[in-house]
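# Understanding the architecture of this molecule
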Amino acid sequence: MVAQNIRGVAAVGIGSAGTRIVSLLSRKTLVVDRYAYISCDKEDFSPLESADSILIESPIDQKMTPSMVRGLSMRYKQRIKDSIEGSKVVLVVAGLGGATGSGLAPVVAAAAAECGATAIGVAVMPFDFEKKMKFYAGVSLRRLRAASKGVVVVDNDTLMHSSPEDSTLADLYDSANKAAVKALGSLLAASGEGSRPVGLNKFLGAVVQDGYSLLGVSSSGGDEKAEDALAGAAVSLGRIAETRDASRAVVSLNSNDSLSAREVGLAVGRLGSIMDSEALDVEYGVDYTGTAQLQVSVLASGFKSTKYDTYDPLAAVLGGRVLDDEMDTALPEGLESIQPCD
Ligand SMILES: Nc1nc2c(ncn2[C@@H]2O[C@H](COP(=O)(O)OP(=O)(O)O)[C@@H](O)[C@H]2O)c(=O)[nH]1
Ligand SMILES: [Mg+2]
C-alpha cells in the first residue's frame, strides 16, 4: 500500500436510505474525505454525480432477502475493500429493515475491519409504523454491532417532529433525511471560521465503546434555548432507551451569535442531571453558522439495551448464546456456480 493512498475517514452508503443520506452528507464540509456507495438497485445511484459506486447485480429478478444480498455480494468483496482500503475510519451508513442495507452493513463493517480500519456503523431504524421492517432491522443491528467498533443509531421516528397528514412515504423519508443529515453533519463538521465543532476524536471517543450510541435531536428558539433544546433531545433519547444508562455524550449546538457561551456552558453542565446520569461524561462543540433557532444533536453512548432488542425475539430467547456465529448467506436457486468478478 502506498502511503499517499492512506486517507482519513470514508463514508459508505448502502441501499436506498444509505446512499441517499451519504450523498446529502457529501455536499457538506465534514471530517469525511472519501465517499462510496453500494446497492442492488441502480436507481439508487441516479442522483449521484461522480461517485465510487458498486452495483450488486442479481442475474434474476426476484424479491431479495438480506441473506440473498449477502450471497450475491461475495463476488464483489474485493471491490468493496478497494473502495475503503487505506482509510483509518469507515462509517458504514444504512437504513435497516430492507434487504440491501440490512444484509450488507455488517459485511461492509467486517470488510473495513479486515482492512485495518475502525468500522463505525450508522444505522437508520424504521418508523414505528413500518412493522414488517422491524425483524430484519433488529437482527442486522445486532450483527452490525458485532462487526463494528461502535454503532450510532438514528431512529426515523426521533427525526420527525411533525408531518402533514397527507405526506407520502417519500415525503417522510425526505424530511427524515434532512434531519439526519443536519444532525450527523453537525457532529462530523470540519472546523471552519467561527465554529468549534465536535471533531473526529470526541465523536470516536463517545462511539467506540461497548453498547450502542443513540442520536437525540431537538431545537428551540425560546429564552433559555440551550437548556430547552437539550431537555427535548433527552426526551427523544428516552423513547429509545433508559437515559440514565448513558455513560458518555457528545453535544453539537448549531445557532448564531444569539447563543451565549455562558448559556451553553450551564446547559451542557446540566445534561447529566437532565438525563438522570450523574456520572455522564459530556463533550461538546458549537457551530455559529446557523440561525436564532438553536438545533442540538446529542449523541449519547454506552447503552447495553434499547427498544430494538425486542425487534429480534430470537436474540431474547437465546439470551446471548449464539447458534451459529458465521453470518448466513443464500444464493437464489440456480446460481450456485457464480464466479468472483474480475
Ligand atoms: N431516513 C430514511 N429512511 C429510509 C429511507 N428509505 C428507506 N428508509 C428506511 O430504511 C429502511 C431500509 O429501507 P431501504 O433503504 O429502502 O432498503 P434497502 O434499499 O433494501 O437497503 C426502511 O425500513 C426504512 O425505514 C430514506 O430515504 N430515508
Ligand atoms: Mg432499496
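One can find the structure itself at the top, above this paragraph.
## Quick look at the overall build of the protein
The number of helices and strands found in the protein is 12 helices and 11 strands. Its C-alpha atoms give the protein a radius of gyration of 20 Å, within 12% of the compact-globule value 20 Å for 342 residues. Taken along the three principal axes of its C-alpha coordinates, the protein extends 65 × 50 × 40 Å. Taken over 342 residues, the protein has a buried fraction of 51%. In the protein, the proportion of contacts linking residues at least 24 apart, taken out of those at least 6 apart, comes to 79%. Total accessible area computed for the protein in this model is approximately 16,100 Å², and 49% of it derives from carbon and sulfur atoms. Considering the protein, the positive charge centre built from 33 side chains and the negative charge centre built from 43 side chains are found 3 Å apart.

## Re empty space enclosed by the protein
This structure, assessed with the given rule, holds one cavity of 30 Å³ or more. Approximately 60 Å³ is the volume attributed to the largest cavity. Contributing to the lining of the largest cavity are Ala11, Leu25, Leu91, Val93, Val122, Leu184, Leu188 and Phe203. Here the residues of the lining of the largest cavity are counted per class, giving eight nonpolar, no polar and no charged.

## So, the pairing of strand β11 (residues 294-303)
Within β11, nine of the 10 residues are buried, which leaves the element mostly enclosed by the surrounding structure. As paired strands, strand β8 (residues 212-220) and β11 are joined by nine bridges and run antiparallel to one another. Pairing of Ser213 across the sheet is with Ser301, part of β11.

## Section: the side chain of Ser236
Within the element layout of this structure, Ser236 appears in helix α9 (residues 225-238). What Ser236 contacts, discounting residues up to four positions off in sequence, is Thr158, Gly216 and Val217.

## Thoughts on the site of ligand 1
Near ligand 1, the surroundings consist of 18 residues, among which Ser16, Arg20, Gly101, Glu130 and Asn177 are the closest. At a separation of 2.8 Å, an oxygen atom of ligand 1 approaches a polar backbone atom of Ser16. Leu96 places a polar main-chain atom, nitrogen or oxygen, 3.3 Å from an oxygen atom of ligand 1. Protein burial of ligand 1: of its 560 Å² of free accessible surface, 91% is covered by the chains. Here ligand 1 is seated within the second largest pocket. Broken down by secondary-structure element, the contributors of at least two residues to the shell around ligand 1 are α1 (15-25), α4 (100-114) and α7 (169-187). Take the shell around ligand 1: its biggest share by element is four residues, from α1. For the shell around ligand 1, the per-class residue count stands at eight nonpolar, eight polar and two charged.

## Quick word on the pattern of salt bridges
Tallied over the entire structure, the rule returns 10 salt bridges. Across the pair Lys81 and Glu114 runs a salt bridge whose closest N-O atoms are separated by 2.7 Å. Linking Lys81 in helix α3 (residues 77-84) with Glu114 in helix α4, this pair joins segments that are 33 residues apart in sequence. A relative accessible area of 18% places Lys81 in the buried class. Residue Asp312 pairs with Arg142 through a salt bridge whose shortest N-O separation is 2.7 Å. Of the two residues, Asp312 sits in the loop between β11 and α12 (313-318) while Arg142 sits in helix α5 (residues 134-147), which places them 170 residues apart along the sequence. A single salt-bridge network, built from bridges that share partners, covers Lys77, Lys81 and Glu114.

What counts, and at which threshold
- Residues numbered from 1 in each chain as written.
- Chains lettered and ligands numbered in written order.
- Predicted model: local features only at pLDDT ≥ 70, side-chain atom pairs only at ≥ 80, totals over all residues.
- Heavy atoms only, no water.
- Helix = DSSP H or I, 4+ residues; strand = E, 2+ residues; numbered from the N terminus.
- Rg over C-alpha atoms; globule rule 2.2 N^0.38 Å.
- Buried < 20%, exposed > 50% of the residue type's maximum accessible area, 1.4 Å probe, protein only.
- Contact = heavy atoms within 4.5 Å.
- Areas by Shrake-Rupley, 256 points an atom, 1.4 Å probe, with all protein chains shown as cover.
- Lys, Arg positive; Asp, Glu negative; His and termini not counted.
- Charge placed at Lys NZ, Arg CZ, Asp CG, Glu CD.
- 1 Å grid on protein atoms, 1.4 Å probe; cavity = no way out; pocket = protein on both sides within 12 Å on 5 of 7 lines; lining within 4 Å.
- Points joined across faces, edges and corners; volume = space filled by probe spheres on them.
- Nonpolar A, V, L, I, M, F, W, Y, C, P; charged D, E, K, R; others polar.
- Pairing = 2+ DSSP bridges.
- Near = heavy atom within 4 Å.
- Polar contact = N/O pair within 3.5 Å; in protein donor to acceptor, adjacent residues only side chain to side chain.
- Sits in = over half its atoms within 2 Å of the grid points.
- Salt bridge = Lys/Arg side-chain N within 4 Å of Asp/Glu carboxyl O.

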